[in-house]
Amino acid sequence: MELKVATQSHAGQAVMAVFGEIDLYTAPRLQAEFTRLLETGPDRVVIDMSGVEFCDSTGMNVLLSALKRLRERGGTLEVAAPRPAVRKILQVTGLDSVFTVHDTVPADLLTAEHQG
């Protein structure tokens, strides 16, 4: 399955909406998107996972790598709207305590998105 990524940035914050499955085959695309996004320098990145149907350990490693890079410069990576299967992976691996997990994309980012 194809992975689609759409990113919107505003005032040092970015929302990255991901659609499809994140696995061994699609994780490099997600990694490339994070690399490109982090070059623009946002301090806060929220990954909207409402469109992610499946995420394996390869995908989780991409998220952890991005989190590490953001933290190195004082930023944060947050996970928003994970579907039940993805939320379960976060819980089983303990990553739900590593990432800030939101039920929906935070309202302040949605507001900024429409202004930008």
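Structure first, text after, so check above.
Overview of the structure. (Residues numbered from 1 in each chain as written. Predicted model: local features only at pLDDT ≥ 70, side-chain atom pairs only at ≥ 80, totals over all residues. Heavy atoms only, no water.)

Moving on to helix H2 (residues 57-72). Here H2 contains 16 residues, and its C-alpha end-to-end distance of 22 Å stays within 8% of the 22 Å for a straight helix at 1.5 Å per residue. Among all positions of H2, only Gly-59, Met-60, Val-62, Leu-63, Ala-66, Leu-67 and Leu-70 are buried. Seen end-on, H2 carries its buried residues on one side only, within an arc spanning 155°. In H2, the exposed positions that point more than 90 degrees away from the buried face belong to Ser-57, Lys-68 and Glu-72. Buried positions along H2 lie against strand E2 (13-22), helix H1 (27-39), strand E3 (44-55), strand E4 (76-80) and helix H3 (84-93). Sitting at the head of H2, Asp-56 places a side-chain oxygen 2.9 Å from the backbone nitrogen of Thr-58. Downstream of H2 by a residue or two, Gly-74 has a phi angle that is positive, lying close to 85°. (Helix = DSSP H or I, 4+ residues; strand = E, 2+ residues; numbered from the N terminus. Expected span 1.5 Å × (residues − 1). Buried < 20%, exposed > 50% of the residue type's maximum accessible area, 1.4 Å probe, protein only. Arc of directions from axis to C-beta. Contact = heavy atoms within 4.5 Å. Polar contact = N/O pair within 3.5 Å; in protein donor to acceptor, adjacent residues only side chain to side chain.)

Now for the sheet that holds E4. Strand order in this open sheet of five strands is E1-E2-E3-E4-E5, and the pairing throughout is mixed. This sheet does not close on itself; its edge strands, each paired only once, are strand E1 (4-10) and strand E5 (100-102). Between one strand axis and the next, the sheet turns through 20° on average, direction left out of account. With five bridges connecting them, E3 and E4 associate as parallel partners. Looking at the pairing, Asp-48 lines up with Ala-80 of E4. Against the sheet, H3 engages E3, E4 and E5, with an angle of about 115° to E3. (Pairing = 2+ DSSP bridges. Axes fitted to C-alpha atoms, helices over the stretch in contact; angles between N-to-C directions.)

A few words on the packing of H1 against H2. At a minimum axis distance of 9 Å, the contact between H1 and H2 shows a crossing angle of 15°. What the angle tells us is that H1 and H2 run roughly parallel. By crossing handedness, the relation of H1 to H2 is classed as right-handed. The segment H1 lies against H2, with Ala-27, Leu-30, Gln-31, Phe-34, Thr-35 and Leu-38 engaging Thr-58, Gly-59, Val-62, Leu-63, Ser-65, Ala-66, Arg-69 and Leu-70. Looking at the contact of H1 with H2, its residues break down into eight nonpolar, five polar and one charged. (Parallel < 35°, antiparallel > 145°, perpendicular 65-115°, else oblique. Left-handed = near helix turned anticlockwise from the far one by under 90°. Nonpolar A, V, L, I, M, F, W, Y, C, P; charged D, E, K, R; others polar.)

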